[in-house]
Amino acid sequence: MCGIVGYIGHRNALPIVVEALKRLEYRGYDSSGCALIHDGELQVYKRAGKIIELERCLPEPNKCTGNIAIAHTRWATHGEPNEVNAHPHLDCKGEIAIVHNGIIENYKLLRDKLIELGHTFVSETDTEVIVHLIEQFLLSETTLEDAVRSAMTKVEGTYGLVVMSLKEPDKLIAVRKGSPLIIGIGENEHFITSDVNAIIIHTKRVIYLQDDELCVVKADGFEITTLDKRSVKPEISVVDWDISAIEKGDFKHFMLKEIFEQPLTIENAFRGRINQHLGTARLGGLGIPNFELRKIKQIHLVACGTSFHAALIGKYIIEDIARIPVFAEYASEYRYRNPIIPEDTLVFVISQSGETADTLGALREAKAKGARVLAITNVVGSTIARESDGGTYIHAGSEIGVASTKAFTSQVTIMTLLAILLGRMNYLSTVKGMEYISELEKIPSKVEKILALNEYIRNIAATIKDCKNALYLGRGINYPVAMEGALKLKEISYIHSEGYPAAEMKHGPIALIDKNMPVIAIATKDPLYDKIYSNLQEVRARKARLITIATEGDTELSKISENVIYIPDTLTNLQPLLTVIPLQLLAYNVADLKGLNVDQPRNLAKSVTVE
Ligand code: AGP
C-alpha cells in the first residue's frame, strides 16, 4: 500500500512527480524517493520519513529539467523504514530504476539465485529482486519491456510497478498484478499512478490497467499488451470529479472536512435510490431482478476495519427489517476458513477503497465457490468493483483521511436501502417502508445539527486526551457503532480503546474500570434503553468517567454522566447514522488536541493492498 507515480512528456518531470506524490502520501509515509533522467544521467533521491524530508534534498527544479521521472511513497512491508529500503531501487550498474507497490512472495528464492549470478543487493526489501531480474533478462532480451515481461514471469505476488532505464530514456514501463495502476493521458505527455487523485490536476482521461497487463508509456503515446504479448484495446475512462474534492479547503484536516461532508454524502448515497410512494428502495447496480432477489435466503457481508463495522450494522438492520439471516464476516478470516456458502446466498464485499487485499481475496474465494458476489465501494474502477458481479457505489467522493468517516455513514446508508428493498419483498409494509424513507431523508439535517456541537465535544475531548485507555459501550444496533468509535480513537490518538456490547461488561471487562477510565456509551432512546441504563449504573458504581450519547430531552443520563452529548431522535435502525458522528468528532478532537498527525496516523495507510 505504497503510492507510485511516473511522468514522461514535454514538461519538467521532477516537480510534477513530487506534487503528485504528495497526493498519494495517505497510502504510506514511511519513506519516499524519486529518480529522473537529466543530461544523460540517472539521478536518485531518497529519504526516510515524509515527502517533506525528500523535498529538502531535491535540486532546484530549474537545475534539473529531465522530462522523465518516477517516484514512490512507502508503507514498509519488508525492511524497516529507512533510506536504503526506500524506493526507487536500482540494478547493479545504476542504469535501471523501479518503484513498486505490492509484495513479492518468492523474493528470497529469487534473491539467492541472483546473488549466485553475481548480483549485489543493498536493501532488505522484496522489491529489489525485480530490478536485478530485469537487469539479468536484459542480457538476453532486446528491449526493456521484453526484459520486464520475462522478469515478471518469475515473480509470485502482487505488484503495481514502474520501470525506467537510462539506456531507453524515451519510455516508462508500467505493469500490474493485484495492485492498482492507472495511466493518465495528456497532450504529448503521460502519467502513471496508483490513484487518480495524484494526476487529476493534469488530466481526467485515464486507463485502469488490468491484472497481467503491461504498458509501454511514451511522451506521444502508449501501448498496452498482456504479459504474454497479446495486444489490448485500451478502455479510456473520464473521471467525473475535480480537484476541489481532494482539497482541504478551510478545514485543518481532511478527516474534519470529511466528517463535515456527511450531510451531503449521506444524501448522495440515497439520492435517486428511494421511492417514497412505494416505500421502497432501488439499487440498480445490483443487476438482479426483484423476482430473483426475493429468493435470496442468506446474506454474507464481508469486509475489513471500519467497513466491517458497517457490515455488522447491516446485519442488524437487514435481519430486523427483511428477516433474512445475515452473517457479517472479517474478510481476512472468511477467505481462508473455507466458508459455507449455500445456494440462494448473496455475498457482499464492502470496501471504501475497493483495493483492500483481504476483501479482494474474500471476493475471489466466494466466486471460486460459485457464489454471486456484489461490491459496495467508493472508488469507481477499483479492482473490487471490476471483479465483482455488480454492486453499488456509495458516492462519498474521495476520502483522503486515513481514518474512514464519511465512507462509513455512506456504507451504512446503503445497508439501510438494501434492508428496505429486501424488506419490502418480505414482511415490510408500504406504510413502514414510507416511514423509513421519510426518516432517512431527515438524517442529513439531523447530522448537521450534531456537527454544530463540535466545539462542545472538543471541550469533552480535552478532559480525556491524556487517558491511556478508554471503553466504548453500546447495545443492539449501537454495539457496532461503539466498536467503530473505539477504532477511530485507537487509530488516530493511539489511546488503547475497545468497543463492547454493554451487557458484556459484567463478564470481565468491568475489571478494567476505575476512576481513570473514560467510558463512552451510546444510550439513545430505543427498546434497550432501560437495559443499557442499568449497565451504565454498574460502571458508574466503579467510578468510571462516563460520557454518554443521549437522545435530546433525556433527563436521566445527566445524573450518572460526567458529560452528555444530546443528539436528535430517529428510528432505532437509523440511529447509527447519528450516534457515530459525536464519536468521530470526539476522536478527531482528542487526536488534534494531542497535536498528532490526524490524517496520516503512524503505522497506517488508507488502503491495505497487502495481506
Ligand atoms: C478505518 O478508518 C481504517 N482506515 C481501516 O480500518 C479501513 O476501514 C480498512 O482498511 C478497510 O478499508 P476499505 O474500506 O478501503 O476496504
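A quick note: this is a predicted structure, and the numbers were derived from the prediction, not measured. (Residues numbered from 1 in each chain as written. Predicted model: local features only at pLDDT ≥ 70, side-chain atom pairs only at ≥ 80, totals over all residues. Heavy atoms only, no water.)

(A) Just the site of the ligand, in detail. Taken together, 14 residues sit near the ligand, with S307, S351, Q352, T356 and E491 positioned nearest. Separating an oxygen atom of the ligand from a side-chain N or O atom of S307 is a distance of 2.5 Å. Contacts to the ligand include S404, whose backbone N or O atom sits 2.7 Å from an oxygen atom. In the complex, the protein chains occlude 91% of the 410 Å² of accessible area that the ligand would expose alone. When residues of the shell around the ligand are traced back to their parent elements, those giving at least two are α9 (305-322) and α16 (479-493). When residues of the shell around the ligand are assigned to their parent elements, the largest contribution, 3 residues, is made by α9. (Near = heavy atom within 4 Å. Polar contact = N/O pair within 3.5 Å; in protein donor to acceptor, adjacent residues only side chain to side chain. Areas by Shrake-Rupley, 256 points an atom, 1.4 Å probe, with all protein chains shown as cover. Helix = DSSP H or I, 4+ residues; strand = E, 2+ residues; numbered from the N terminus.)

(B) Just the UniProt feature "domain: Glutamine amidotransferase type-2" (unreviewed entry) in the chain, in detail. UniProt feature "domain: Glutamine amidotransferase type-2" (unreviewed entry): in the numbering of this structure it lies at residues 2-220. Split by type, residues 2-220 is 21% helix and 31% strand. Its first and last C-alpha atoms lie 28 Å apart. (UniProt positions renumbered as here; feature names shortened; annotations may be inferred.)

(C) Spatial organisation of the side chain of S493. Among the secondary structure elements, S493 is positioned in helix α16. When sequence neighbours within four positions are dropped, the list of residues in contact with S493 reads V590, A591, K594 and L596. (Contact = heavy atoms within 4.5 Å.)

(D) Representation of the packing of helix α7 (residues 262-270) against helix α14 (residues 430-451) in the model. At a minimum axis separation of 8 Å, α7 and α14 run at an interaxial angle of 165°. Judged by the angle between their axes, α7 and α14 are roughly antiparallel. α7 and α14 meet at a crossing whose hand is right-handed. Facing α7, whose interface residues are Q262, P263, I266, E267 and F270, α14 presents L440, E441, I443, P444, V447, E448 and L451. For the contact of α7 with α14, the residue count by class is 8 nonpolar, 1 polar and 3 charged. (Axes fitted to C-alpha atoms, helices over the stretch in contact; angles between N-to-C directions. Parallel < 35°, antiparallel > 145°, perpendicular 65-115°, else oblique. Left-handed = near helix turned anticlockwise from the far one by under 90°. Nonpolar A, V, L, I, M, F, W, Y, C, P; charged D, E, K, R; others polar.)

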